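# Residue-level structure breakdown
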Amino acid sequence: MAAFFVVSSIYSVFVYVVYPFFYDWGLFLAIQNRDHGFLEFLGAAGYCAVIIFFAGFVQRGIYGLFNCFLIFTTYIPFFMLMPFFLPEKIFSLDAVVYCMSAVLFSFVGVMFSRGRGIAFPVSLKSSAFCFFLVALSLTNLLFLVVYFRGLISVEAFFDVYAHREKYREMAGFASYFLHWQVMVLSPVALVFGLQLRSFSLVVLGCLGFIVVFMISSFKVALVVPFVVGFGYVLRAAWCQFLSPSFAAIFILFLFVSAFVFDYFSGLKAFTPYVADRVFLAHGVQNLMILDFFSDMPRALWGNSFLRHFVEPVYDVDPFIFLGQHYYGRDVRLNTGFVGDGFINFGVYGVILSTLVSAFVIILCDLVVGQKESSLCFLLFLPHFVSLLNGPVQVSLVTNGLLFFLLVLLLYPKKYIYGASGG
């Protein structure tokens, strides 16, 4: 806990100190640099100290790791950059509620995470699970190829954003099957194939990623197989460091290294991706949401899962509306459950979304139970990213988190308990 507190505190101060450089460098999300005093800095640092203190008690399981990434990519950047964006909001009710959200998330983790775990009454043998996985993947891929036959093209590799727009225009209900392929079926096929040393399963998993990218131009379809594949091969070297404290040290090292290299080389090669898009993005976007939607009508989830019951308040997705306001074009500035809650129900939505998301991660922790943590973490990676980048309901249904949990329960016990295979 002490190591986590020290590293997180250093990270908080570093975020504040280096931000003016990012602003001068013209990074995509570094769009504000307002004057403020030492009192505003102390207020922001105080919020972070409270958040870090409570987060330090959540040091185990999927919940502990997710909470660490949530703190480092959302709450710390949100508060430490608030003096540059919204200094007048630092001592407001909104800021207090955001701080309460972080504390509440950690509190739920301390109270309920890492139970005994749950198991499924049906235990599939490896041959049955393999047949189930292959049959489902091939059927789904065949459907995607037929449905998107006029769209699937190598053009996706050369004109990403134009191709992505074409996909959005014709996606419809088929988007569910595309997301389930890239978030569930292909990652599981890749990992299970590596465990069995099955070339066919590995190829099937990789084929799924390629097909999804050629349809949608989703970059995640190229990143996930690389990260999961190499992560599996090298898991013996890193699985012993699966704790929030080591994750915090790794994040701090990555962030500082990217900044130092770019500062002394003058290339600006890593900070646009490592710092601006990964570690600061969600904090900045939550500041944009707080600024823009404070006096706007609440969306009441009319643009999402309640659209059949609640008339949409906005003609376009609120996250796209946000991008139109700040950049004058259709940029989707999506972020996690905190910002989504504020857009839809204000400060009450922040607390509601926090509680729902916390219990979703608790469910994930229960499913993982006593299973091999390194393997489960690899399989959960796409969903970690999904929960950090979008509303919780999108993760559960659209990105197939519920489907993934079912697959994990069906996973052959021989290959999910202990370090079997590979």
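All of these numbers come straight from a predicted model, not from anything done at the bench.

### What about the overall build of the protein chain?
- A count of helices and strands for the protein chain gives 20 helices and zero strands.
- Taken over the C-alpha trace, the protein chain has a radius of gyration of 21 Å; the compact-globule value for 422 residues is 22 Å, and the two agree within 12%.
- Dimensions of the protein chain along its principal axes, counting C-alpha atoms only, are 65 × 50 × 50 Å.
- Here the protein chain, with 422 residues, has 53% of them falling under the buried criterion.
- Considering only contacts in the protein chain between residues 6 or more positions apart, those separated by 24 or more positions represent 79%.
- In the structure as shown, the protein chain presents an accessible area of about 18300 Å², 69% of it carried by carbon and sulfur atoms.
- Looking at charge distribution, the protein chain has the averaged site of its 22 positive side-chain charges lying 17 Å from that of its 20 negative ones.

### Description of the confidence of the model for the protein chain
- When pLDDT is averaged along the protein chain, the result is 87; 94% of the residues meet or exceed 70.
- Within the protein chain, no element has a lower average pLDDT than helix α11 (residues 235-238), which sits at 76, and none a higher one than helix α4 (residues 82-85), at 97.

### Overview of empty space enclosed by the protein
- Enumeration over the complete set of coordinates arrives at two cavities of 30 Å³ or more.
- Every residue along the wall of the second largest cavity is listed here: L70, T74, H282, N286, T335, G336, F337, V338, G339, L387 and L388.
- Elements with a contribution of two residues or more to the lining of the second largest cavity: α3 (61-80), α14 (281-293), α16 (337-368) and α17 (373-389).
- Its residues assigned to classes, the lining of the second largest cavity comprises five nonpolar, six polar and no charged.

### What to know about the packing of α3 against helix α5 (residues 93-112)
- Packing of α3 against α5 brings their axes to within 11 Å, and their N-to-C directions diverge by 170°. Classified by the angle their axes make, α3 and α5 are roughly antiparallel. Residue-level inspection shows Y63, F66, N67, L70, I71, Y75, F78 and F79 of α3 in contact with α5, the latter providing A95, Y98, C99, S101, A102, F105, S106, V108 and G109.
- When grouped by side-chain class, the residues that make up the contact of α3 with α5 number 13 nonpolar, four polar and no charged.

### A word on unusual backbone geometry
- One non-glycine residue, R197, lies in the positive phi region at around 55°.
- Here R197 lies in the loop between α8 (174-196) and α9 (199-216).
- Phi angles above zero are rare outside glycine, and S217 is one such case at about 60°.
- In this fold, S217 is placed in the loop between α9 and α10 (220-233).
- According to the relative accessible area criterion, S217 is buried, its value standing at 0%.

### Here we look at the nonpolar core
- Grouped together as the largest cluster of nonpolar side chains are 140 residues, with contacts concentrated most on F79, F255, F380 and Y411.
- When sequence neighbours within four positions are dropped, the list of residues in contact with Y411 reads F129, V188, V191, F192, Q195, L375, L379 and I416.

### Quick look at the environment of F38
- By secondary structure assignment, the location of F38 is in helix α2 (residues 38-55).
- Given the relative accessible area of 57%, F38 is considered exposed.
- Counting along the chain gives 45 residues from F38 to P83, while the straight-line C-alpha distance between them is 9.5 Å.

### Focus: the side chain of N67
- You can see N67 is positioned in helix α3.
- On the basis of relative accessibility, which here comes to 1%, the residue N67 falls in the buried class.
- Once residues within four sequence positions are removed from consideration, N67 is found in contact with A55, V58, F105 and S106.

### So, the environment of A221
- Within the element layout of this structure, A221 appears in helix α10.
- For A221, a relative accessible area of 1% translates into the label buried.
- In the structure, A221 is positioned 26 residues away from Q195 in sequence and 21 Å away in space, judged by C-alpha atoms.
- Sequence-distant contacts of A221, defined by excluding residues within four places in its chain, comprise V182, F209, V212 and F213.

### Quick look at α3
- In this model α3 runs 27 Å from its N-terminal to its C-terminal C-alpha over 20 residues, within 8% of the 28 Å that 1.5 Å per residue would give.
- The sharpest bend along α3 measures roughly 40° and falls at I71.

### A word on the state of the cysteines
- Applying the stated criterion across every chain, the model contains zero disulfides.
- C206 takes part in no disulfide bond, and the closest cysteine sulfur to it belongs to C130, at a distance of 15 Å.

### A short note on the pattern of salt bridges
- In this structure the tally under the stated criterion is four salt bridges.
- Two residues, D94 and K89, come together in a salt bridge whose shortest N-O distance is 2.9 Å. Summarising the burial analysis for this pair, D94 and K89 share the class buried.
- With a closest N to O distance of 3.3 Å, E155 and K166 form a salt bridge. A residue pair is termed long-range when its members are at least 10 positions apart, and E155 in the loop between α6 (126-147) and α7 (160-170) and K166 in helix α7 qualify at eleven residues.

### Digging into the packing of aromatic side chains
- Under the counting rule described, the total for this entry stands at 59 aromatic pairs.
- Grouped by ring-pair contacts, the aromatic residues F4, Y11, F14, F21, F22, W25, F72, F255, F259, Y263, F264 and F279 constitute a single cluster.
- Above the ring of Y232, the side-chain terminus of R235 is found at 4.1 Å from the ring centroid.
- Directly above the ring of W25 sits K268, whose terminal nitrogen or CZ lies 4.5 Å from the centroid.

### Some remarks on α17
- The terminal C-alpha atoms of α17 lie 23 Å apart, and with 17 residues this matches the ideal 24 Å at 1.5 Å per residue to within 8%.
- In α17, a bend of some 50° at F380 exceeds every other bend along the element, and P382, a proline, comes one to four places later.
- Extensive coverage of α17 is indicated by the burial of 14 of its 17 residues.

The rules behind these values
- Residues numbered from 1 in each chain as written.
- Predicted model: local features only at pLDDT ≥ 70, side-chain atom pairs only at ≥ 80, totals over all residues.
- Heavy atoms only, no water.
- Helix = DSSP H or I, 4+ residues; strand = E, 2+ residues; numbered from the N terminus.
- Rg over C-alpha atoms; globule rule 2.2 N^0.38 Å.
- Buried < 20%, exposed > 50% of the residue type's maximum accessible area, 1.4 Å probe, protein only.
- Contact = heavy atoms within 4.5 Å.
- Areas by Shrake-Rupley, 256 points an atom, 1.4 Å probe, with all protein chains shown as cover.
- Lys, Arg positive; Asp, Glu negative; His and termini not counted.
- Charge placed at Lys NZ, Arg CZ, Asp CG, Glu CD.
- pLDDT = per-residue confidence, 0-100.
- 1 Å grid on protein atoms, 1.4 Å probe; cavity = no way out; pocket = protein on both sides within 12 Å on 5 of 7 lines; lining within 4 Å.
- Points joined across faces, edges and corners; volume = space filled by probe spheres on them.
- Nonpolar A, V, L, I, M, F, W, Y, C, P; charged D, E, K, R; others polar.
- Axes fitted to C-alpha atoms, helices over the stretch in contact; angles between N-to-C directions.
- Parallel < 35°, antiparallel > 145°, perpendicular 65-115°, else oblique.
- Core = buried A, V, L, I, M, F, W, Y, C linked by side-chain atoms within 4.5 Å.
- Expected span 1.5 Å × (residues − 1).
- Bend = angle between axes of the 7 residues up to and from the residue.
- Disulfide = S-S within 2.5 Å.
- Salt bridge = Lys/Arg side-chain N within 4 Å of Asp/Glu carboxyl O.
- Phe/Tyr/Trp six-rings, centres within 6.5 Å; stacked < 30°, edge-to-face > 60°.
- Lys NZ or Arg CZ within 6 Å of the ring centre and 35° of its normal.

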